[in-house]
Amino acid sequence: MPLAEEPAAPPDPARARSVDDLVARLRRLKIWAGDPSYEVIKDRVGAAWTAAGRPAGELVSRSTVAYCFRPGRRRLDTDLVIAVVEALHPETGYVAAWRQALRVVGGEIEAVSQVRVQDRLPRDLDGFTGRDAELDRLRHAARSGETAVVAVIEGMAGVGKTRLAVHAGHLLGPFERVLFVNLRGFGPDPAQPPADPAAVLDGFLRLLGMPGRQIPHTLDARAAAYRDRLAGVRALVVLDNAVSAEQVRPLLPATPGCLVLVTSRSGLAGLHPAIRLPMNVFTPAESLAFLTRAVSGVPTPAAPGIPTGADPDAAARIAERCGHLPLALSLVAGHIRATAGWTLTDHADRLDERHRDRRLDTAVELALEVSYRHLPADRRRLLRLAALHPGQELDAYAAAALCDIALADARAHLRLLHDDHLLQQTRPGRYTLHDLVRAHAAVRAGDEDRPAARRAALTRLFDYYLGTAAAAMDALHPAEKHRRPTVPPGHPSPALEAAVDARAWLDTERPTLIAVAEHAARHGWPGHTTALAAILYRYLDGGHPTDARTVHAFALDAARRTGDPAAQAEALTNLGATHLTTGRYAEAADHLRQALRLCRQTGSLIGQARALANLGAVAERLGHYRPATEHHQQALDLRRRIGDRTGEASALDDLGLIQVRLGRYAAARDHHERALAICRDLGDRAGEARSLCNLGVAELLAGDHEPATGHLRRALELFRRLGNRTGEAWAHDSLGTLHCRLGQADRATERYERALTLHRETGERHGQTRALNGLGEAALAVGHPSESLAHHRAAHAVALDTGDRHQQARALTGIGDAHRARGEAGPAREHYRQALALATDLGLPEADRIRPHLVFPTPRSVRR
């Protein structure tokens, strides 16, 4: 047999439409490149990452590389795939094509990776009925202390699997820890595929106290860390709505005394749990008991309740027509309660008629159809349109926009639909649809509402979210109103004049706004996505980098599809600013340079100023102070030219920061004082907080501690009032430095720890290095050199990864100080030498402090 010919050119990743497509092309690329072994590829990737400054702990194994080529994946490690492509074919244009293909397919990856985990059980619903045998088996199994007990609760949709798991969890507690997750194994929305177990483990580990930076990258390593965190802990883990044994297996703990409850519509073959609980529908007796409790009026000897009518067995006939399915019984019970004047015989006869007229496949569909058809026309319409909503929750304002009805009518319809068990109330005033109800109502919408009517409803909804988000941002950041798109008032919206109300609305609706941005980008409303992303920029920049990256990426895709260069430039700038926050400086610079080119082509001066300002920030983080100054000065000139005083204040602050880095504190104070005056003149509270914080830092470094204290405390107060967690972290960090300068190391440690927590929550990696270095300096000040050494080493690792040379120099100095305090002269000198080289190259004033330490006597006594 002749050998197969190698392809003449490497495979084109741009043609991939799914994760599997990309994996198939990656395998073909490996063959095209001579089919090197996974070991060889691993070595090439490791060499490239080491040369780029990555720490040894982040290098990958052969098995991790091999896993990239495995079909059937739901997600990909983008950084690793790009590294593998570069190892196989390092041509710049080809690597860029792969990077773009990964972005295109990224919608599927993002959806798989988004999962909500909880550290408590949902509320145990009143009126739990039956399931005595299942509960007895769970009680008996939970008493077994030899190993972790895994119980799989399986059965058809609507049979009450989740309700049993939640009830059992409440009944068998208390537990030391509770973990709950909906694995989305069976859902009606193809945009919400089954959750990736690696993403679930990420969430579980965070709930168990592991900092995000320490969470391993691979599934196996995360599973091992998860089991290690649960060692010796009596925990309850509820894995709801699982799709396969492969999805569940990594999520199983190994600690004796742990109880795992898994619910699924499938049998999860290959899982081998301790017990299986196949859930059947209610028995006839259980169905009657359930109806009695749900309706609170089915006749009993003690309470006549709702009249029976001519048929004494009407209640039994209702239960039979519902197939004794708990979900169907619940929905029919809601209809019974809402229908005054009907007897139970009337309800049973009506169910018989519906069964004869339209033989539906399942009892659930029958119950849903009966409930739906007995609604008034306007309420049916609201239910249909609510099923089209791309988010998981809606309130009366959103319902009013969808249906183009009065707010009071929307509130009434939602309340009545909730009473009919067709909507579930997640919190006061907010509602969601059960998956089956949503699927049924969406089908009804397709059958009963013209495509143009459905599109008009969603357009009204998106207009509502756009207008209300703009009003909220105007309340929070009025001085930046001129930068945001102008949105005319439209549908009724909540009163958001007060900043606290605006912040609360944005926090509540953030998941919905992200879902709207995605849906609008993918289904024909690109202008809504780009406008929404621009409106939300400042809010997302205040502590939500993951959401910011998602929204701005959708905006960029939408702008590119419509060929709008101005919208592309804004999305690129916003993406660049987000990458700057998370320490991905190379990607930030790439996006910002693209944005700057587009802004120059379109003649947008304000766009050029924003791109230049962020490029200056990237250069400053990397220690390139001259180009940083040039970028910021150009931005300042442009801001003044167009009369953008808000931007002028920001540019002055940026220039002041560089003066601080270079030890020119008087010049820095002048810049920050001018910025502060502008912000106060404009009433820009966000800018005022920023300038106060920067001014306080310049003052404390100059030794002027009293005004620094007042300015930093006022900055912290303003950041908290604005809900800006990133700014709050910077203020805590600066106050920590102040306390260190005042000899108050314990108070400094508290500030640095708070700053570190906030920076880790928001993904601000530059801030993490500063807080870690601050903790190291505070620890040394109280005589704990070993603790200091650990903090500075952690800071150095992050600073190396991001390329932050200033914080590298600070960390190396701290490591040298810690070794010196331990009497370890050799390591101290070496780290001082490295720190001095960096500080000298950067032109930092710290060089003068480091130089004398290159020769020093060994302390007589060392506290370790």
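Residues numbered from 1 in each chain as written. Predicted model: local features only at pLDDT ≥ 70, side-chain atom pairs only at ≥ 80, totals over all residues. Heavy atoms only, no water.

Engineer: Is there a simple way to think about the overall build of the protein chain in this case?
Structural biologist: What the protein chain contains, in helices and strands, is 39 helices and eight strands. A globule of 864 residues ought to have a C-alpha radius of gyration of about 29 Å, and the protein chain, at 31 Å, matches this closely. Principal axes of the C-alpha set define a box for the protein chain whose edges measure 100 × 70 × 65 Å. Split into buried and exposed, the 864 residues of the protein chain put 53% on the buried side. Expressed as a percentage of contacts within the protein chain between residues at least 6 apart in sequence, the contacts between residues at least 24 apart total 67%. For the protein chain, the computed accessible surface area is about 36,700 Å², with 51% contributed by carbon and sulfur atoms. Charge-centre separation for the protein chain: the mean point of 112 positive side chains lies 2 Å from the mean point of 102 negative side chains. (Helix = DSSP H or I, 4+ residues; strand = E, 2+ residues; numbered from the N terminus. Rg over C-alpha atoms; globule rule 2.2 N^0.38 Å. Buried < 20%, exposed > 50% of the residue type's maximum accessible area, 1.4 Å probe, protein only. Contact = heavy atoms within 4.5 Å. Areas by Shrake-Rupley, 256 points an atom, 1.4 Å probe, with all protein chains shown as cover. Lys, Arg positive; Asp, Glu negative; His and termini not counted. Charge placed at Lys NZ, Arg CZ, Asp CG, Glu CD.)

Engineer: Explain helix α8 (residues 161-172) here, please?
Structural biologist: Because an α-helix completes one turn every 3.6 residues, residues spaced three or four positions apart along the sequence face the same direction. The terminal C-alpha atoms of α8, which comprises twelve residues, lie 16 Å apart, in line with the 16 Å expected from a rise of 1.5 Å per residue. Residues K161, L164, A165, V166, H167, A168, G169 and L172 constitute the buried set of α8. Contact partners of the buried residues in α8: α7 (132-142), β2 (149-154), β3 (177-182), β4 (235-242) and β5 (259-264). (Expected span 1.5 Å × (residues − 1).)

Engineer: Would you mind going over the pairing of β2 with me for this structure?
Structural biologist: Successive residues of a regular strand alternate their side chains across the two faces of the sheet. Counting buried residues in β2 gives six out of six residues, a clear majority hidden from the surface. The alternating pattern of β2 places V149, A151 and I153 and V150, V152 and E154 on opposite faces, both of which are buried. The pairing of β2 with β5 spans six bridges and is parallel. The partner of I153 across the bridge, within β5, is T263. Where β2 lies against strand β6 (residues 275-278), four bridges are found, and the strand directions are parallel. Bridge assignment links A151 to a residue of β6, and that residue is I275. (Pairing = 2+ DSSP bridges.)

Engineer: Explain empty space enclosed by the protein here, please?
Structural biologist: Which parts of space are left empty comes out when a probe the size of a water molecule is rolled across the atoms. Inspection of every chain in the model, using the stated rule, returns three cavities of 30 Å³ or more. Of the pockets and cavities examined, the largest cavity occupies roughly 70 Å³. Along its surface, the largest cavity is lined by Y537, L540, D541, G543, H544, P545, A548, H552, T578, T581, T726 and T762. Mapped onto the lining of the largest cavity, the elements with two or more residues apiece are α23 (526-541), α24 (545-562) and α25 (565-581). (1 Å grid on protein atoms, 1.4 Å probe; cavity = no way out; pocket = protein on both sides within 12 Å on 5 of 7 lines; lining within 4 Å. Points joined across faces, edges and corners; volume = space filled by probe spheres on them.)

Engineer: Would you explain the nonpolar core in this entry?
Structural biologist: Grouped together as the largest cluster of nonpolar side chains are 83 residues, with contacts concentrated most on L383, L402, Y465, W505, L506, L532 and L536. Ranked by residues supplied to this core, first place goes to helix α21 (residues 451-476) with twelve residues. Beyond its immediate chain neighbours, meaning those up to four positions away, L402 contacts R381, L385, A386, H389, L394, A457, L458, R460 and L461. (Core = buried A, V, L, I, M, F, W, Y, C linked by side-chain atoms within 4.5 Å.)

Engineer: Help me out: how do you make sense of the sheet that holds β6 in this one?
Structural biologist: Two orientations exist for strands paired in a sheet by backbone hydrogen bonds: parallel and antiparallel. Strand order in the open sheet formed by six strands is β1-β3-β4-β5-β2-β6, with mixed pairing between adjacent strands. Only two strands of the sheet have a single partner each, and these edge strands are β1 (117-118) and β6. Examined bridge by bridge, β4 and β5 share five bridges and lie parallel to one another. Looking at β5, one finds that V238 is bridged to L261. Sheet contacts for α8: β2, β3, β4 and β5; angle to β5, the most-contacted strand, approximately 165°. Along the sheet face, helix α9 (residues 197-207) touches β1, β3 and β4 and points at about 155° away from the line of β3. (Axes fitted to C-alpha atoms, helices over the stretch in contact; angles between N-to-C directions.)

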